[in-house]
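Structural characterization, general
Residues per chain are reported as follows:
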Amino acid sequence: MLKRRGFLAAISGVALLVMSAASPVLASKLEDKSSAFITSLTEKAISSLTAENADRNQRIKLFRAMFNENFAVRSIGKFVLGRYWNRASEEERREYQALFEDLMIVSYVDRFTQYAGEKLRVQKARGENETTATIFTLIERPGGAKAIRVNWRVGTNGTIFKVLDVIVEGTSMSITLKSDFASIIRRKGGKVAGLIEELRTKTAELKAK
Amino acid sequence: MITLTSLANGLCRLLMSTILFMVAGCAVTPNSGDVEAVAEFVQVNDPFEPTNRSIFEANRALDGAVLKPAATAYKMVAPEFIQTRVSNILSNLRSPVIFANDVLQGEFKRAALTFLRFFINSTIGVGGMNDMATAMEIEGHDEDFGQTLAVWGVSEGPFVMLPVFGPSNPRDTVGMVVDFFTDPLRLWASNSERNYVPFLRAGVDAVDIRSRNLETLDDLEKSSLDFYAAIRSLYRQRRADAISNGQGAAAVPAPGLGQLPGVPTLEAADELSRRK
């Protein structure tokens, strides 16, 4: 009897070792941490950016800080520019990145005011590789309107977590922007300067609202 | 199945050549020396871009004159209770087409769910007015013959902007036509001399869909630099998402920390927590 118990203990010991060595344990850590990151990010965003009394400039300031802290803004900007990144001069890259950040801020800041009362439900998390996970969520809206499917792609270096892409009902923010920008550059004779000019006009127009 | 696929492929090709014949303006192919530019041209896959753009502008004018005002008025005037019921009835009426396509794609479990939903919503949901199935956690999904063709291996072909109907491609255009002609509701209507039914339904459908996309499209128009390019990208992504039944997120490239194709990667510039 004793012998048998020892045998069982040994088996379960080995099983535990095997299990902890296998990557699913590590992967689920990445997935859990990424899910927690998205949950807390959206809670913070919804509670602070839907405050009715804050004026627009204040909300822009708040949103800019949150956006930079939680989104991989430079990485997204570089990805969106695609093959034209290598063609841009140092100066152009700097100006493009600043304008890209502005465009994101001014086009999304006003949307949050409509998000009051919405709830995010994490459905599942999937590790894509050691540093990237996709979090599948449903945003439930008050009043029984159909929930919106939002997937978040989260990147990490092990300590910090940042959003790399937001995919709403199958539409990726980065990919849509990438096609949009590439089309402008093509129409401007392949010049990044042409895109920068358009970005200046667009952000100025949106800021004025 | 193989013959059906080749038939569908043939239909697509026929449609494409018809379009080619109609189209005067074609996009300028880039110099073959510029490898990246050629790759981009192939990837954008919009050889009729100039024509597509003019159709897009005409569609926008039509939308601004008719559909958008109608959808805006509907959203303002009709109580939310009514809007939800109208939406429910319309999606219940789509069930037979969804069911047929579930079956054609070999998705028998999904077909059974579609059948169950149709049964529940048509009976205790009172003619589809109330989505009792979703309340019982039998969630709905959409399918169409364009998606079925994609599952069968038919490629989408070049991007096409259809007058009135909007963004499409040869595969999805064929799909739309097939769905229209095989729809049991339409067959019933035409057999019983109620030819106005499909038109009435299409009209209500258009207003319903447009009213639910008012903000989304306004936002996209507001934030995009080239609205046409943004719509083209959005259409392709939505179709890819629909074909994969919402499971395709990993195959899509994004900005990145990893080396996922087409996915943004976390770059050193973002690894410091930036605070301003």
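I will try to describe carefully the structure that is included in this document. (Residues numbered from 1 in each chain as written. Chains lettered and ligands numbered in written order. Predicted model: local features only at pLDDT ≥ 70, side-chain atom pairs only at ≥ 80, totals over all residues. Heavy atoms only, no water.)

Observations concerning the sheet that holds strand β4 (residues 161-168) of chain A
By definition, the strands of a sheet pair up through backbone hydrogen bonds, in either a parallel or an antiparallel sense. Residue and element names in this part refer to chain A. Quick note on the threshold: By definition, two strands form a pair when at least two bridges between them are found by DSSP. Strands are runs of DSSP state E lasting at least 2 residues, helices are runs of H or I lasting at least 4, and numbering of each runs from the N terminus.
The 5 strands are arranged β1-β2-β3-β4-β5 in an open sheet whose pairing can be described as antiparallel. One side of each edge strand has no neighbouring strand; the edge strands of this open sheet are β1 (119-129) and β5 (171-172). Of the strand pairs in this sheet, strand β3 (residues 148-156) and β4 are connected by 7 bridges, and their pairing is antiparallel. Of the residues in β4, the one forming a bridge with W152 is V166.

Some details on the interface of chain B and chain A
In plain terms, the rule: Should any heavy atoms of two residues lie within 4.5 Å, those residues are counted as being in contact. Defined in terms of a 1.4 Å probe, buried area is the accessible area two parts forfeit on being brought together, summed over both. The working definition used for a salt bridge is a side-chain nitrogen of Lys or Arg within 4 Å of a carboxyl oxygen of Asp or Glu.
Counting from both sides, the interface comprises 51 residues of chain B and, opposite them, 59 residues of chain A. Here chain B packs against chain A, burying approximately 4400 Å² in sum over the two surfaces, 50% of which is carbon and sulfur. At the boundary of chain B and chain A, one finds 6 salt bridges. Taking the shortest distance from any N to any O, the salt bridge between A:R83 and B:E40 comes out at 3.0 Å. Counting residues per element, the ones that place at least two in the side of chain B that touches chain A are α2 (35-44), α3 (49-77), α12 (214-223), α13 (227-243) and α14 (268-271) of chain B.

Here's the deal with the packing of helix α5 (residues 90-108) of chain A against helix α6 (residues 173-187) of chain A
All names here are of chain A. We apply this condition: Fitted lines through C-alpha atoms serve as axes, helices being fitted only where they are in contact, and the angles separating the N-to-C directions of these axes extend from 0 to 180 degrees. For this classification, under 35 degrees means roughly parallel, over 145 means roughly antiparallel, 65 to 115 means roughly perpendicular, and everything else is oblique. Here a crossing is called left-handed whenever its near helix is offset anticlockwise from the far helix by less than a right angle, and right-handed whenever the offset is clockwise. Under the grouping applied here, Gly and all other residues not named as nonpolar or charged are polar, the nonpolar ones being Ala, Val, Leu, Ile, Met, Phe, Trp, Tyr, Cys and Pro and the charged ones Asp, Glu, Lys and Arg.
Put simply, α5 and α6 touch, their axes get as near as 14 Å, and they point 120 degrees apart. Judged by the angle between their axes, α5 and α6 are oblique. Helix-helix and strand crossings are classified by hand; for α5 and α6 the assignment is right-handed. Between α5 and α6, the residues in contact are Y96, F100, L103, M104 and Y108 and M173, L177 and F181, respectively. When the residues that make up the contact of α5 with α6 are grouped by side-chain class, the tally is 8 nonpolar, no polar and no charged.

Remarks on the packing of helix α9 (residues 170-182) of chain B against helix α10 (residues 184-191) of chain B
Residue and element names in this part refer to chain B. Where α9 contacts α10, the two axes come as close as 5 Å, and the packing angle between them is 50 degrees. What the angle tells us is that α9 and α10 run oblique. Here α9 contributes F180, F181 and T182 to the contact with α10, which in turn contributes P184, R186 and L187.

Section: the packing of aromatic side chains
Spelled out, the test is: Geometry of aromatic contacts follows a simple scheme: Phe, Tyr and Trp rings, the Trp one being its six-membered ring, pair when their centres are within 6.5 Å, and the pair is stacked under 30 degrees between planes, edge-to-face over 60, tilted otherwise. Relative accessible area decides the class of each residue, using a 1.4 Å probe on protein chains only: under 20% of the type maximum gives buried, over 50% gives exposed, and in between gives partly exposed. Sitting over a ring, as applied to charges here, requires NZ of Lys or CZ of Arg to be within 6 Å of the ring centre and within 35 degrees of the ring normal.
Using the criterion set out here, one finds 13 aromatic pairs over all chains in the structure. Relative to A:F71, the ring of A:F67 has its centre 4.8 Å away and its plane inclined at 35 degrees; by these criteria the two rings are tilted. This pair shows no difference in class: A:F67 is buried, exactly as A:F71 is. For the ring pair B:F180 and B:F181, a centre distance of 5.2 Å and an interplane angle of 85 degrees mean the geometry is edge-to-face. The structure contains a cluster of three or more aromatic residues connected by ring pairs, namely B:F56, B:F159, B:F227, B:Y228 and B:Y235. Note that B:R85 overlies the ring of B:F81, its terminal NZ or CZ placed 3.9 Å from the centroid.

Observations concerning the pairing of strand β2 (residues 132-140) of chain A
Residue and element names in this part refer to chain A. With 8 of 9 residues buried, β2 lies mostly within the body of the structure. Inspection of the sheet shows β1 paired to β2 by 9 bridges, in the antiparallel sense. Counted as the bridge partner of G127 is A133 from β2. Counted along the chain from β1 to the antiparallel partner β2, the turn is 2 residues long.

Quick notes on the pattern of salt bridges
Between side chains of opposite charge, a pair can form as their charged atoms come close. Across all of its chains, the model carries 36 salt bridges over all chains by this definition. With its nearest N and O atoms 2.9 Å apart, the salt bridge here joins A:R64 to A:D102. In this pair, A:R64 is assigned in helix α3 (residues 56-70) and A:D102 in helix α5, connecting sequence segments 38 residues apart. Note on A:R64: relative accessible area 21%, which makes it partly exposed. We classify A:D102 as buried; its relative accessible area is 14%. A salt bridge links B:D46 to B:R232, with the shortest nitrogen-to-oxygen separation between them at 2.7 Å. Of the two residues, B:D46 is situated in the loop between α2 and α3 and B:R232 in helix α13; the sequence distance between them amounts to 186 residues. The burial state of B:D46 is the same as that of B:R232; both residues are buried. Salt bridges linked by common partners bring A:R187, B:D46, B:E49, B:R53, B:D226 and B:R232 together as one network.

What about the nonpolar core?
Soluble globular proteins: nonpolar side chains tend toward being buried together. Here is the rule we go by: Residues grouped as a nonpolar core are buried Ala, Val, Leu, Ile, Met, Phe, Trp, Tyr and Cys residues, joined through side-chain atoms within 4.5 Å.
Membership of the largest hydrophobic core comes to 50 residues, with the highest contact counts inside it found for A:Y96, A:F100, A:F181 and A:L195. Apart from the residues within four sequence positions on either side, A:L195 is in contact with A:L81, A:Y96, A:F181, A:I184, A:I185 and B:L225. With 10 residues, the next largest nonpolar core counts B:F56, B:M161, B:A230 and B:L234 among its residues.

Focus: the pairing of β3(A)
With 7 of 9 residues buried, β3(A) lies mostly within the body of the structure. Linkage of β3(A) to β4(A), two consecutive antiparallel strands, is achieved through a turn of 4 residues, within which A:G158 is found at a positive phi near 110 degrees.

Digging into a nonpolar patch on the surface
We apply this condition: Each patch is built from residues that are more than 30% exposed by relative accessible area and take part in no salt bridge. Like charges join if they lie within 9 Å; nonpolar side chains (Val, Leu, Ile, Met, Phe, Trp, Tyr) join within 5 Å. Only the protein chains shown count as cover for residues, and the accessible areas themselves come from Shrake-Rupley with a 1.4 Å probe.
A contiguous nonpolar surface patch, about 500 Å² in accessible area, is contributed by B:L62, B:V66, B:V164, B:F165 and B:M176. Relative to the elements of secondary structure, B:L62 occurs in helix α3.

Read these as spatial facts, not as claims about activity.
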